[in-house]
Amino acid sequence: MDNKTLWEGVLTRLAPQIGKTTIFSLFKDSIIKNIEHGVVTVGVPTPITLNFIRDRHEIRLLQALKDLCSEVKQLKLEVMGSLADNEHPYKIDIKLFQDLNARKIRKLPNKKEVMIDGIRSKMFNPRYTLDNFIPGQENQLSHAACKAVAAKPGDIYNPLFLYGDTGLGKTHLLQGVGLEILKNFPDKNVVYMTSERFMNEIVAAIGKKHTASFKEKYRKVDCFIVDDVQFFGNKASTQQEFFHTFNELYDAGKQIVMSSDKPPRELDGLEERLKSRFGMGMVVEVLLPDYETRLAILNEKCREHQTLIDPEVLEFIAFNVHRSVRELEGILIKTMAEAKLAETTPTIKSAARAIRTLSQDETTFKGIAVDIDKSVVVRSCDDVIDIVADYFKVPKTDLIGANRRKEVMVPRQISMYLIRHVLDQSYETIGESFSGRNHTTVLHAYNKIATELEKDTRIKRDVNALLKEMGV
Ligand code: ADP
Ligand code: MG
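Residues numbered from 1 in each chain as written. Chains lettered and ligands numbered in written order. Predicted model: local features only at pLDDT ≥ 70, side-chain atom pairs only at ≥ 80, totals over all residues. Heavy atoms only, no water.

Enquirer: For the overall build of the protein chain, give the residues involved together with the corresponding values.
Expert: A count of helical and extended segments in the protein chain gives 20 helices and eight strands. Here the protein chain has a C-alpha radius of gyration of 30 Å; the compact-globule value for 472 residues is 23 Å, and the former is much larger. Projected onto its principal axes, the C-alpha positions of the protein chain cover 95 × 65 × 40 Å. Out of the 472 residues belonging to the protein chain, those deemed buried represent 48%. A fraction of 74% describes how many contacts in the protein chain between residues 6 or more apart in sequence connect residues 24 or more apart. Distance from the positive charge centre (68 side chains) to the negative charge centre (65 side chains) of the protein chain: 5 Å. (Helix = DSSP H or I, 4+ residues; strand = E, 2+ residues; numbered from the N terminus. Rg over C-alpha atoms; globule rule 2.2 N^0.38 Å. Buried < 20%, exposed > 50% of the residue type's maximum accessible area, 1.4 Å probe, protein only. Contact = heavy atoms within 4.5 Å. Lys, Arg positive; Asp, Glu negative; His and termini not counted. Charge placed at Lys NZ, Arg CZ, Asp CG, Glu CD.)

Enquirer: Let's hear about the site of ligand 1: which residues, and what values?
Expert: By nearness alone, 17 residues border ligand 1, and I134, G167, T171, H172 and E329 come closest of all. Measuring from an oxygen atom of ligand 1, one finds a side-chain N or O atom of Y128 at 3.4 Å. One nitrogen or oxygen atom from the side chain of K301 is found 3.0 Å from an oxygen atom belonging to ligand 1. Compared with its free state, where it exposes 560 Å², ligand 1 has 95% of that area covered by protein. Within the residue set of the shell around ligand 1, elements represented by two or more residues are α6 (170–184), α11 (291–304) and α13 (325–341). Here the shell around ligand 1 is composed, by residue class, of six nonpolar, six polar and five charged. Structurally, the shell around ligand 1 is a two-domain feature, drawing no fewer than three residues from each of domain 2 (119–285) and domain 3 (291–369). (Near = heavy atom within 4 Å. Polar contact = N/O pair within 3.5 Å; in protein donor to acceptor, adjacent residues only side chain to side chain. Areas by Shrake-Rupley, 256 points an atom, 1.4 Å probe, with all protein chains shown as cover. Nonpolar A, V, L, I, M, F, W, Y, C, P; charged D, E, K, R; others polar. Domains from an automatic or database assignment.)

Enquirer: Just give me the short version of the environment of T194, but keep the residues and values in it.
Expert: Along the chain, the position of T194 falls in strand β5 (residues 190–194). A sequence separation of 64 residues divides T194 from M258, and the C-alpha atoms of the two residues are 9.5 Å apart. Look past the residues within four positions of T194 in its chain and what remains in contact with it is V226 and D227.

Enquirer: Could you give me a rundown of the pattern of salt bridges, with the residues and numbers involved?
Expert: In total, this model carries 26 salt bridges according to the counting rule given. Residue E304 is joined to R127 by a salt bridge in which the shortest nitrogen-to-oxygen separation is 3.4 Å. Here R127 lies in the loop between β3 (74–79) and α5 (140–151) and E304 lies in helix α11, a separation of 177 residues in the sequence. Looking at E304, the relative accessible area reads 25%, which means it is partly exposed. Among the ionic pairs, R273 bridges to E271, the shortest N-O distance being 2.5 Å. Exposure remark for R273: the relative accessible area of 32% places this residue in the partly exposed category. Through salt bridges that share partners, R127, K301, E304 and E329 make up one connected network. (Salt bridge = Lys/Arg side-chain N within 4 Å of Asp/Glu carboxyl O.)

Enquirer: Summarise empty space enclosed by the protein; cite the residues concerned and give the values.
Expert: Inspection of every chain in the model, using the stated rule, returns one cavity of 30 Å³ or more. What the largest cavity holds in volume is close to 90 Å³. What lines the largest cavity is T335, E338, A339, T344, T345, P346, T347, S350, R353, A465, K468 and E469. When residues of the lining of the largest cavity are traced back to their parent elements, those giving at least two are α13, α14 (348–358) and α20 (457–469). Its residues placed into classes, the lining of the largest cavity shows three nonpolar, five polar and four charged. Inspection of the lining of the largest cavity shows a minimum of three residues originating in each of domain 3 (291–369) and domain 4 (381–469). (1 Å grid on protein atoms, 1.4 Å probe; cavity = no way out; pocket = protein on both sides within 12 Å on 5 of 7 lines; lining within 4 Å. Points joined across faces, edges and corners; volume = space filled by probe spheres on them.)

Enquirer: Residues and numbers for the side chain of R60, please.
Expert: Tracing the chain through its elements places R60 in helix α4 (residues 58–68). Buried and unpaired, R60 has D155 as its nearest opposite-charge partner, separated by 7.8 Å. Of the polar contacts made by the side chain of R60, one reaches the backbone oxygen of I156; its length is 3.5 Å. Not counting the four nearest positions on each side in its chain, R60 is found in contact with L14, Q17, I18, I156, Y157 and M282.

Enquirer: Quick one: what's the story with the layout of surface pockets, residue by residue and with numbers?
Expert: Estimates place the volume of the largest pocket at around 1100 Å³. Taken together, 42 residues form the lining of the largest pocket, with Q63, D67, L141, V283 and V284 sitting closest to its centre. Those elements that provide at least two residues to the lining of the largest pocket are α1 (3–18), α3 (47–56), α4, β3, α5, α10 (272–278) and β8 (282–285). Per element, the largest residue contribution to the lining of the largest pocket is eight residues, and it comes from α4. Of the domains in this structure, domain 1 (3–102) and domain 2 (119–285) are the two that each give at least three residues to the lining of the largest pocket.

Enquirer: Break down the side chain of Q230 for me, with residues and values.
Expert: The residue Q230 is located in the loop between β6 (223–227) and α9 (236–251) in this model. Of note is the side chain of Q230, whose polar atom sits 3.3 Å from the backbone nitrogen of D261. Contact partners of Q230, with chain neighbours within four places excluded, come to S259, S260, D261 and L267.

Enquirer: Residue-level account of the nonpolar core, with values.
Expert: The biggest cluster of nonpolar side chains holds 54 residues, and the ones touching the most others in it are W7, L61 and L160. Among the domains, domain 1 (3–102) and domain 2 (119–285) are the pair contributing at least three residues each to this core. Discounting residues that sit within four places of it in the chain, W7 has contacts with F27, S30, I31, I32, V42, L61 and I92. (Core = buried A, V, L, I, M, F, W, Y, C linked by side-chain atoms within 4.5 Å.)

Enquirer: Would you mind going over unusual backbone geometry in detail, with residue names and values included?
Expert: The omega angle of the peptide bond from N158 to P159 is -10°, so this bond is cis rather than trans. Assignment of secondary structure puts P159 in the loop between α5 and β4 (160–163). Unlike most non-glycine residues, N234 shows phi in positive territory, near 65°. Looking at the secondary structure, you find N234 in the loop between β6 and α9. The phi dihedral of E343 is positive, around 50°, even though this residue is not glycine.

So, to be careful, I would describe these as geometric facts and stop short of saying anything about function.
The structure is reproduced here in structure tokens:
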């Protein structure tokens, strides 16, 4: 496909959303200059056009380009003054877009809206903000679309439709849009609800013959967010009511945001007219994050829970949990909760156990050898030293050697304490395992750790975790 054909294809695709008149006036002098290493450079005649396109249409353009040309990864806009009034072989055929009717958006006069009692903001979970959503590469588009909607509700991507498998962050994004709109425009009425709740309200209204007040209520909404619309499938009267509400709001230039498990055209049991309405704005898929993003999400969740966890444990979880972000978070929270309860620190083993319990299927762990079922039998000083060295990530030679840095000293003292405590070895024997140290050094270490256990929760957690690892 040459650049001109591709550009015409992209603009034809965008025409139903943007309107042919806008396409004509905005893009008639623009071209696809080139595509190199996945970067499409679009030339536009003036800086004003560039800013306008960047603010309002960049994401849409990128998505359409990606849809038509799979090698495209990125979009670059560039001002090319020569395009303003000269012919260029890459320019589009204006007849394609010229004489058609513009889509009309009827805007209501800007009167003060009435607040709907109790319905606003109470459905928002303050943890679900756009700022603490980690987009990664996979969800850059959906995150950017949400940001754009929050900046200009009802203006550009309308309706915004997010779809994807369960547990990938749709509800988080939807609530994030709502919260951010409220932050940007405190006077707006923002309503978030699940499709089930909408359905229940309709059923109740029909039962009480109150459908008129139901309609009245939703007419006052500025931004209507409906989660999981797949549940409207095969519910005829709900669909009918939703269709009317949707049209009223849409025609009034109000923002609508929806989510579902499938794209609009694949929704089962949904009327054609709804499918086409749902798909006429921006439709974006929410995808499973890759390993790096999963790790970043775990770090963010630790930050939110104000908990520090060994990076290796987080890496282990990110590596081995890859079905959904909800599962990822579930494992992290289970691991943290168990450690807290037992006054220990999460370890790879405890994380592995949490994964095993929470995942339905047989889990094989990748990237690291963990045998969570086999209990370790600790028989010698050396066994204990191995476990402690592994736990603190300290080389065994340092642990038994002369290194006096704190990162080594404390684990060494803990090893001595554990050997005495678990194996009941004499101070002399223990000293021999540590490069022939004097028995008084060992005694000192034992007493020190025994005292610290009473007052230092960090040491207490480490010792408890180690005892667990040792099967004690
Ligand atoms: P869905 O609605 O798609 O089933 P949710 O929005 O309920 O999924 O997400 C499940 C959990 O995963 C939530 O706690 C959410 O905060 C978290 N989550 C999902 N994706 C991300 C992300 N990219 N960054 C941060 N948290 C995420
Ligand atoms: Mg959800």
